[in-house]
Amino acid sequence: MSSRGILIRLFVPLMAVTAAVTLLAGGWVARSLRVIHQEHAIQRLEAENRYLESLLWSDRFDQLDADSARELVQLAKSISRDTRVTVLGADGSVWADSIADPSRMPSHRGRPEVAAALAGRTARDLRRSDTTGAMTLYLARPLFIGDRVAAVLRTAIPLSALERELADFWRRVLLAMGALMLAAWGAAFAAAVGVQRPIAGLVEAAQGLAAGDLSRRIARTGCPETDALAAALNHMAAELQRRIQIAESQQREMETMLESLSEGVIAIDSAERLLFGNRRASEILGARLRRGMDLRETVRSVELQNILVQALHEGTAADAGVSITDGRSQRFIRGRAAPLTDPVGGIRGAVMVLNDLTEMNRLLTLRREFVANVTHELQTPLTTIRGFLEALTDPQPPTPQEQQKFLHIALRQTRRLQRLVEDLMELARLDQSSEPSVLRLVDTTTGAIVSEALEACGALAAERSVRIEAKGPSDLSLRADADLVVRALMNLLDNAIKYSPARSTVELECREENGHIVWSVTDHGPGIEAVHLPRLFERFYRVDKSRSRQEGGTGLGLAIVKHIVLAHGGTVGVESEVGKGSRFWFRLPRVP
């Protein structure tokens, strides 16, 4: 509580009592003044009304009509300037009025005092005048001819003077009340000064503690009572600060640990709303997780929802594996849910751990396919070699010409096996590209790499009557494993030459692009259908398997190119159009 609050609590009651007494006294005096003034005005109106009536019935007026009424009104104006005189006919119409044009005034039959006078009674009324807008006191008296009311004589006096007196009175009352309130405030202030400072300090410190400012401490004031309370509050703040720091540290450690997990973790409360979800869970579920989200918004898989609900309502752990199709991709997710319990054993929520098994399933599939492909690739030449060797060991040996033919075929298949084993070993080495010892980085130039690749593929190009045309600058420097980059270009050139028609040209282009070196090999062969392009760089993938084996390929050349490029931190791609040819390219950073 602030010092202002303490002062208010002390002097507001006194101020209220003072104001109430002043207002009650002023109201009583004002009411008495109003009553006295009105009684005086009524007496005056009655006297003037009777006097005007006596004039009307005197010999001065011949008859009671509108003309005599106007003459009476003019006479009345000369007698009293602040009294309004109105004469009305028996039907309520205005015959004459001392301040307004009767022809513009409506019938007054509905006025309370006029209605009573037309009924034969003298009456008065206090209201605001429609003509002048001022608060006015009216008195109406019936004028009889025989037993019949022939006219009504009404006199009225505005109470504006009374209103002015009352307004002036209330100004004086308010001034007096203000003076009394100032005096009361001064007395309350003087009484509160001695106690407000220590109490205000305690209140302010307590409010700071409640707002979370636990570093605040309360100074001693010399008052034993407040000093004891200040010491207790200081001790409480220090203890709270220590415990909150421990809790926050533990919470940060838990959140950091959960965020660093490779598994997704989500937790829901008893109302099936999200309590927590780490970044990995958001990635696996493909949703932006926010505290308070409904379970159905967070987890769209019915199977995963069911195991969470089972853990929440039945208190038993459950797990499920689901396959989720997201656009064109398919993901395999496994979730395990368990109940969250409070210290007394009650279930207050559930937690689920999510594992994305997509990559593992993909690797298992690749391993199975790899084993099957390697087995198939090894079995074919081994079967051929075994067949011819068995023919050579036959009791009836073949002729020397047949023996030479058999040995030549066996030798060719042996060389194919050797290339296959060498390619597999090269891929195994490239799979370890994260190790620094794998890449033997040297400073080289594009010209040196292209020259070595052209020299290696020159004989095959000449044999197939294919011309290789090299384009681009030869003086671009880069830091790379030159042998591996040459091997990548050789593999691309080897494929381009083998699939190009005789007397055609294979184009080898080199250029710089945004700090990278881009090599491309373009042939004018049969081209590749679009359905095959995404898988061309997979191991053992062949578009035309029979032709590839006939050309002596192992099915690993493009896979080796991809691994070499990735080991250097580059990218690789292909563009092709059936009937027009293909363009293979890769992009390497000049400094990996």
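One numbering rule holds for all chains: residues counted from 1, following each sequence as written. Only residues with pLDDT of at least 70 get local features here, since the model is predicted, and only at 80 or more are side-chain atom pairs given and counted; chain-wide, interface and lining totals rely on the full set of residues. Only heavy atoms go into the side-chain values, all of them from the structure, while hydrogens and water stay out.

Q: How should the pairing of strand β1 (residues 84-89) be read in this particular structure?
A: Summary of the burial criterion: residues with accessible area below 20% of their type's maximum are buried, those above 50% are exposed, and those between are partly exposed, where the area comes from a 1.4 Å probe applied to protein chains only. The helix count covers DSSP runs of H or I at least four residues long, the strand count covers runs of E at least two residues long, and both are numbered beginning at the N terminus. Of all 6 residues making up β1, 6 are buried, and the element is well covered by its neighbours. For two strands to pair, DSSP has to find at least two bridges joining them. For β1 and strand β5 (residues 148-158), the ladder comprises 6 bridges, and the chain directions are antiparallel. Of the residues in β5, the one forming a bridge with Arg-84 is Ala-156. Here β1 runs beside strand β2 (residues 94-97); their pairing, made up of 3 bridges, is antiparallel. When the bridges of β2 are listed, Thr-86 appears paired with Asp-97. In textbook terms, the turn of a hairpin is the stretch between consecutive antiparallel strands, and for β1 and β2 this stretch comprises 4 residues, one of which, Gly-92, has a positive phi near 90 degrees.

Q: So what exactly am I meant to see when it comes to the sheet that holds strand β15 (residues 516-522) here?
A: Strands pair in a sheet through their backbones, by hydrogen bonds, and they do so in one of two ways: parallel or antiparallel. Strand order across the open sheet formed by 5 strands is β12-β14-β15-β17-β16, with mixed pairing between neighbours. Looking at strand neighbours, the two that pair on one side only are β12 (467-471) and β16 (571-577), the edges of this open sheet. In this sheet, neighbouring strand axes are inclined to one another by 15 degrees on average, regardless of whether the strands run parallel or antiparallel. Two elements, β16 and strand β17 (residues 581-589), share 7 bridges in a ladder whose sense is antiparallel. Residue pairing in the sheet places Ser-576 in a bridge with Ser-582 of β17. Here helix α11 (residues 446-463) sits on the sheet in contact with β12, β14 (505-513) and β15, set at roughly 175 degrees to β12. Note on geometry: axes are C-alpha line fits, over the in-contact stretch for helices, and angles between N-to-C directions span 0 to 180 degrees. Residues are treated as being in contact if the distance between any of their heavy atoms lies within 4.5 Å.

Q: I keep staring at a nonpolar patch on the surface and nothing clicks. Help me out?
A: A patch consists of residues exposed above 30% relative accessible area that lack any salt bridge, with like charges linked at up to 9 Å and nonpolar side chains (Val, Leu, Ile, Met, Phe, Trp, Tyr) linked at up to 5 Å. Residue-level accessible areas treat just the shown protein chains as cover; the underlying method is Shrake-Rupley with a 1.4 Å probe. A pair is scored as a salt bridge if a Lys or Arg side-chain nitrogen falls within 4 Å of a carboxyl oxygen belonging to Asp or Glu. A contiguous nonpolar patch, built from Met-236, Leu-240 and Ile-244 and spanning about 240 Å² of accessible area, is present on the exposed surface. Inspection of the secondary structure assignment puts Ile-244 in helix α5 (residues 224-260). Here Ile-244 falls in the partly exposed class, since its relative accessible area comes to 37%.

Q: Just to check I follow, could you spell out the sheet that holds strand β9 (residues 329-341) for this structure?
A: As summarised here, the arrangement of the 5 strands in space is β7-β6-β10-β9-β8, forming an open sheet in which the pairing is antiparallel. Two strands close off the open sheet at either side, each with one partner strand: β7 (274-277) and β8 (318-326). Averaged over all adjacent pairs, the angle separating strand axes in this sheet is 25 degrees, with direction ignored. Where β9 lies against strand β10 (residues 347-356), 9 bridges are found, and the strand directions are antiparallel. When the bridges of β10 are listed, Ile-333 appears paired with Asp-356. Each of β6 (264-269), β8, β9 and β10 is contacted by helix α8 (residues 302-314), which is oriented at about 145 degrees to β10, the strand it contacts most.

Q: Even after reading the chapter, I still don't get the side chain of Ser-504, so can you show me in this structure?
A: Among the structural elements, Ser-504 can be located in the loop between α12 (482-498) and β14. Assessed through its relative accessible area of 11%, Ser-504 is described here as buried. Each residue touching Ser-504, except ones within four places of it in the same chain, is listed here: Ser-465, Val-466 and Arg-467.

Q: How should I be thinking about the pattern of salt bridges in this particular structure?
A: A side chain of one charge can pair with a side chain of the opposite charge when the charged atoms of the two come close. Inspection of every chain in the model, using the stated rule, returns 23 salt bridges. When the shortest N-O distance is used, the salt bridge between Asp-101 and Arg-104 registers 3.8 Å. Overall, the relative accessible area of 40% leaves Asp-101 in the partly exposed class. With a shortest N-O distance of 3.7 Å, Arg-467 and Glu-469 are connected by a salt bridge. Given a relative accessible area of 48%, Arg-467 falls into the partly exposed group. On the basis of relative accessible area, Glu-469 is assigned to the partly exposed category, the value being 27%. Each of Glu-113, Asp-125, Arg-127 and Arg-154 takes part in salt bridges that share partners, so that together they form one network.

Q: Looking at this structure, how should I read the packing of α12 against helix α14 (residues 557-567)?
A: For any two helices packed against each other, one specifies the crossing angle of their axes together with the interaxial distance. As a packed pair, α12 and α14 sit with axes 9 Å apart at the nearest point and diverge in direction by 145 degrees. Helix-helix and strand crossings are classified by hand; for α12 and α14 the assignment is left-handed. Between α12 and α14, the residues in contact are Leu-484, Val-485, Arg-487, Ala-488, Asn-491, Leu-492 and Asn-495 and Gly-557, Leu-558, Ile-560, Val-561 and Ile-564, respectively. Split by residue class, the contact of α12 with α14 holds 8 nonpolar, 3 polar and 1 charged. By definition, turning the near helix anticlockwise from the far helix through less than a right angle yields a left-handed crossing, and turning it clockwise yields a right-handed one. Three categories are distinguished: nonpolar for Ala, Val, Leu, Ile, Met, Phe, Trp, Tyr, Cys and Pro, charged for Asp, Glu, Lys and Arg, and polar for the others, with Gly belonging to the last.

Q: What is the right way to read the confidence of the model for the protein from this model?
A: Regions with low pLDDT should not have their predicted coordinates read in detail. One number per residue, pLDDT, summarises how confident the predictor is, and it ranges from 0 to 100. Per-residue pLDDT for the protein averages 79, and the proportion of residues at 70 or more is 84%. Taken element by element, the predicted model of the protein shows its lowest mean pLDDT in helix α13 (residues 545-550) (49) and its highest in β15 (94).

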